[in-house]
Amino acid sequence: MLTEDKVTEIFFMADEFCKFFDRLTKKYTIEDPSKRKYHRDGTLSKAEVMLIMILFHDSGYRCLKHFYVEHVCKHLRHLFPHVVSYNRFVELERTVAIPLTIFIKKVLLGKCTGISFVDSTPLRVCKNQRIRIHKVFKGIAQRGKCSMGWFFGFKLHLICNEKGELLNFMITPGDVDDRKPLEYKAFTDFLYGKLVGDKGYVSKDLFRKLFVDGIQLITKLKSNMKGALMTVSDRVLLRKRAIIETVNDELKNIAQVEHSRHRCFDNFFDNAISAIAAYCCFPKKPAIQVVKYTDNQLTLF
């Protein structure tokens, strides 16, 4: 659970960002003269809505309505004195989706240290038995396959460092290849050094493309591939790749980034983004300690 000092710190960062975001939006947005203008501000600010969304994924509650009605409105009134109804809060969630995404990208993400891990995890939107009758994500979600079998939904692609800090993320339909996001410059522009992935990222063309950009892709070999020479440091990194699996586990079992109760795509996106933001604010993350790292030697434990 986040301490009250940490909650205050997150609110301060979110409030400063929202003020800056509103100034830029007002500067570069062309107003519609036919649209009615409202001069009264809402009782809940954007920063407060973002903070409540983050606190929900750190609270242990499984239902947002129960968390908001039973916890925020009763036990957190000293932090949110001007709460609104739950229906109104759900409407406000959609208005902060874009600011929250940019807030994560610009403020909450960590920095590359030269050692990075990449992986993808499925975000199922329904059970496989209900795929044919599922209508909420019809035409958006796709059927894909992972190490656990077939699923229907989306994929969350993650990159983290050895400290467990997220460096970047991307959400794609379930049928997108794991290697596809690494082909986009914006997804790997900040990376350098070694990037460790599983067998799903094996590709000569992708290795050459990333190597030109100063990124060395390290993966295990498939059973039908010839052996290749690998340094001891690279072998150690492959053994420590489980750190990103732990990140995926915390996102799903603690931050609840995945569930099958969404009634529209907006709710799915808001839930996924706020879960990622909550993980970035966790005080303790899975990590491996780097004792010594040079071009020829790497010691981890």
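Residues numbered from 1 in each chain as written. Predicted model: local features only at pLDDT ≥ 70, side-chain atom pairs only at ≥ 80, totals over all residues. Heavy atoms only, no water.

A. Expanded view of a nonpolar patch on the surface. Taken together, the side chains of Phe20, Leu24 and Tyr28 make up a nonpolar region of the molecular surface, amounting to roughly 340 Å² of accessible area. Examined against the element boundaries, leucine 24 turns out to sit in helix H1 (residues 4–28). Judged by relative accessible area, which is 36%, leucine 24 ranks as partly exposed. (Patch = residues over 30% accessible without salt bridge, like charges linked within 9 Å, V, L, I, M, F, W, Y side chains within 5 Å. Areas by Shrake-Rupley, 256 points an atom, 1.4 Å probe, with all protein chains shown as cover. Salt bridge = Lys/Arg side-chain N within 4 Å of Asp/Glu carboxyl O. Helix = DSSP H or I, 4+ residues; strand = E, 2+ residues; numbered from the N terminus. Buried < 20%, exposed > 50% of the residue type's maximum accessible area, 1.4 Å probe, protein only.)

B. View of the side chain of threonine 172. Its place among the elements puts threonine 172 in strand E4 (residues 166–173). Within the structure, the side chain of threonine 172 is placed 2.8 Å from the side chain of histidine 157, a separation counted as a polar contact. Those residues in contact with threonine 172 that lie beyond four places of it in its chain are Phe154, Lys155 and His157. (Polar contact = N/O pair within 3.5 Å; in protein donor to acceptor, adjacent residues only side chain to side chain. Contact = heavy atoms within 4.5 Å.)

C. Seen up close, the pattern of salt bridges. Summed over all chains, the structure comprises 14 salt bridges. When the shortest N-O distance is used, the salt bridge between arginine 179 and aspartate 177 registers 3.0 Å. On the basis of relative accessibility, which here comes to 26%, the residue arginine 179 falls in the partly exposed class. Owing to a relative accessible area of 36%, aspartate 177 belongs among the partly exposed residues under this scheme. Residue aspartate 213 pairs with lysine 185 through a salt bridge whose shortest N-O separation is 3.5 Å. On the criterion of sequence distance, the pair formed by aspartate 213 in the loop between helix H7 (204–212) and strand E6 (215–218) and lysine 185 in helix H6 (residues 185–188) is long-range, its members being 28 residues apart. The exposure class assigned to lysine 185 is partly exposed, which follows from its relative accessible area of 48%. Counted as one network, the salt bridges with shared partners bring together Asp119, Arg241 and Glu245.

D. Quick peek at the state of the cysteines. The tally for this structure, following the rule as stated, stands at 0 disulfides. Between cysteine 18, a cysteine without a disulfide, and cysteine 281, which holds the nearest cysteine sulfur, the sulfur-to-sulfur distance is 13 Å. Here cysteine 112 stays free of any disulfide, with the sulfur of cysteine 160 as its closest cysteine sulfur at 11 Å. (Disulfide = S-S within 2.5 Å.)

E. Region of the structure containing the packing of aromatic side chains. Under the defined criterion, the tally for this structure stands at 14 aromatic pairs. For the ring pair phenylalanine 137 and phenylalanine 268, a centre distance of 5.6 Å and an interplane angle of 75° mean the geometry is edge-to-face. Taken together, the residues phenylalanine 137 in the loop between strand E1 (115–124) and strand E2 (142–146) and phenylalanine 268 in helix H10 (residues 265–280) connect sequence positions 131 residues apart. Of the two residues, phenylalanine 137 and phenylalanine 268, both sit in the buried class. (Phe/Tyr/Trp six-rings, centres within 6.5 Å; stacked < 30°, edge-to-face > 60°.)

F. Highlighting the pairing of E2. In terms of strand pairing, E2 meets strand E3 (residues 149–161) through 5 bridges, oriented antiparallel. Bridge pairing links lysine 145 to tryptophan 150 in E3. Between E2 and E3, which pair antiparallel one after the other, the connecting turn spans 2 residues. (Pairing = 2+ DSSP bridges.)

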